[in-house]
Amino acid sequence: MKHIDFSNTVELSVPRGGIPDVTHEDLSEMFSVLGRCSGPFAVDTERAMGIRYSNRAYLVQIKRADSPIFLLDPVGIEDRLDRLRALMDDEWILHAADQDLPSLRELGLKPKSLFDTELAGLILGFERVSLQSMVAEVLGYALAKEHSADDWSKRPLTGEMRAYAALDVELLHELREKLLAMLHSANRYEWFAQECREVLLRPAPAKPRQPWRKTQRKLEIDDRRALEMLSRLWAERDRIAQIRDVAPGKVIPSAVLGEIARRKPRSFSDLANSVPLRRRILQRDVKYWWNAVNSAWKVSGENLPELSAKDTKNPFPQPYKWEHVNPNAARRWKAVRGCVLARAEELGIRQEVLLKPAIQKQLAWEGWSGGSDLEEKLHAYGARPWQTEQLAARIMDSFSGN
């Protein structure tokens, strides 16, 4: 899709109706106004990821087409939001809904249906799908966006922060109308609707059982005792972070935990004087790190973690190895991958929008016995009907022709 010249956009630094105040104690006006208005709810949240331990919403931005913008501070008043929950049992407009829905569900706020403007951009083949880029391209406004990394748990919020938050929902209704027309014009509305339903029904992702494995791989730790230390250090950091309500990385960086584990300190003094803890701010918790390290020394050898995780997400090797370990899968991979790339280029969308790479690999690795079996497997792996319709016959034809 051809992009407009961003230099010709109109800068919008504050909402057209002015900067709203934060609604917290007095909810009556918000309930009354939203109840009188109609149409879908434009919704967004501000969290404090990377600053606070939890992923909770510290601010919820809400707007209906004919209503002002409300900035709701929900912290501490969660038990007073029943009326809002009932009012918002309707269509929502969000951008990148999968990022906001979990924290909104924690508040008991759930949409009846969903219009995700980011998904619309992906289905339509936009090159850039950030809210700022799409608003500029479709509506001709340049949003002021310089507070995304601020600490939204702090109070009071500055006027600049409130303006930034309000702008996230200021234009969502107008953007929805334009995108809706474009989706219908491109005969892709049903594709979009299927993607929105999938996001709405998608279960919360399971937390990794061994989150410290990423640090193991990054630092190439290949000692089982060191891995036991790393896992215990990781758990201790998480405990401290939860108590202090800060992001774990602010307690101590993951790389430092990895370096401690790799050194395998033998004494409190050895740990306290080690290079990884040379920064004074890290010294305050050295007793906790030593308790974790010391307890790891007491674990018997047979109970130490394996060098490789057994619960890997991919139950098969990387495709470049398939030619040697599974030639038939390699042939299927060539057909699947080629069809996805070719069809995505024809449609003008990203290949991962047409079919997730994980599904592509799983299909190629496990194979199929015929056309109907291929379609059933695509469905079982999570492909939407529109994706199966676009790809199943092409994959069958391509593989049969090899």
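Residues numbered from 1 in each chain as written. Predicted model: local features only at pLDDT ≥ 70, side-chain atom pairs only at ≥ 80, totals over all residues. Heavy atoms only, no water.

Chemist: What's the story with the pattern of salt bridges in this structure? I'm lost.
Modeler: Where charged atoms of side chains with opposite charge meet at close range, the side chains can pair. Evaluated as defined, the whole model comprises 25 salt bridges. With a closest N to O distance of 3.0 Å, Asp223 and Lys264 form a salt bridge. Placement of Asp223 in the loop between α9 (213-219) and α10 (224-244) and of Lys264 in the loop between α12 (254-263) and α13 (268-272) is noted, with a sequence separation of 41 residues between them. The exposure class assigned to Asp223 is partly exposed, which follows from its relative accessible area of 27%. Among the salt bridges present, the one from Glu259 reaches Arg262, with a minimum N-O distance of 2.8 Å. (Salt bridge = Lys/Arg side-chain N within 4 Å of Asp/Glu carboxyl O. Helix = DSSP H or I, 4+ residues; strand = E, 2+ residues; numbered from the N terminus. Buried < 20%, exposed > 50% of the residue type's maximum accessible area, 1.4 Å probe, protein only.)

Chemist: Looking at this structure, I do not really get unusual backbone geometry. What am I missing?
Modeler: Of all residues except glycine, most have a negative phi; of all peptide bonds, most are trans. Residue Pro156 follows Arg155 across a cis peptide bond; omega there is 0°. For Pro156, the position within the fold is in the loop between β8 (141-143) and α6 (159-170). Despite not being glycine, Ala96 shows a phi value in the positive range, around 60°. Secondary-structure assignment places Ala96 in the loop between β6 (91-94) and α3 (97-106). Even without a glycine there, the phi angle at Lys264 is positive, about 50°.

Chemist: Looking at this structure, how should I read the packing of aromatic side chains?
Modeler: Aromatic rings considered in pairs are described by the distance between their centres and by the relative angle of their planes. Tallied over the full model, the rule gives nine aromatic pairs. Here the aromatic cluster, defined as three or more aromatic residues joined through ring pairs, consists of Phe316, Trp322, Trp333 and Trp365. The aromatic ring of Trp234 is capped on one face by Arg237, whose charged end is 4.5 Å from the ring centroid. (Phe/Tyr/Trp six-rings, centres within 6.5 Å; stacked < 30°, edge-to-face > 60°. Lys NZ or Arg CZ within 6 Å of the ring centre and 35° of its normal.)

Chemist: Can you walk me through the layout of surface pockets in this structure?
Modeler: With a probe scaled to a water molecule rolled over the atoms, the places where space remains empty come into view. In this structure, the largest pocket encloses a volume near 970 Å³. In terms of lining residues, the largest pocket is bounded by 20 residues, among which Tyr53, Lys207, Pro208, Asp238 and Pro248 are the most central. Listed by contribution, the elements that provide at least two residues to the lining of the largest pocket are α3 and α10. When residues of the lining of the largest pocket are assigned to their parent elements, the largest contribution, three residues, is made by α10. Broken down by class, the residue content of the lining of the largest pocket amounts to eleven nonpolar, three polar and six charged. (1 Å grid on protein atoms, 1.4 Å probe; cavity = no way out; pocket = protein on both sides within 12 Å on 5 of 7 lines; lining within 4 Å. Points joined across faces, edges and corners; volume = space filled by probe spheres on them. Nonpolar A, V, L, I, M, F, W, Y, C, P; charged D, E, K, R; others polar.)

Chemist: When you look at the environment of Leu183 in this model, what are you seeing that I'm missing?
Modeler: Note on placement: Leu183 falls in helix α7 (residues 172-185). Residue classification places Leu183 among the buried residues on the basis of a relative accessible area of 0%. In this view, Leu183 contacts Phe115, Ala120, Ile123, Leu124, Arg188, Tyr189 and Phe192; residues no more than four positions away in its chain are not counted. (Contact = heavy atoms within 4.5 Å.)

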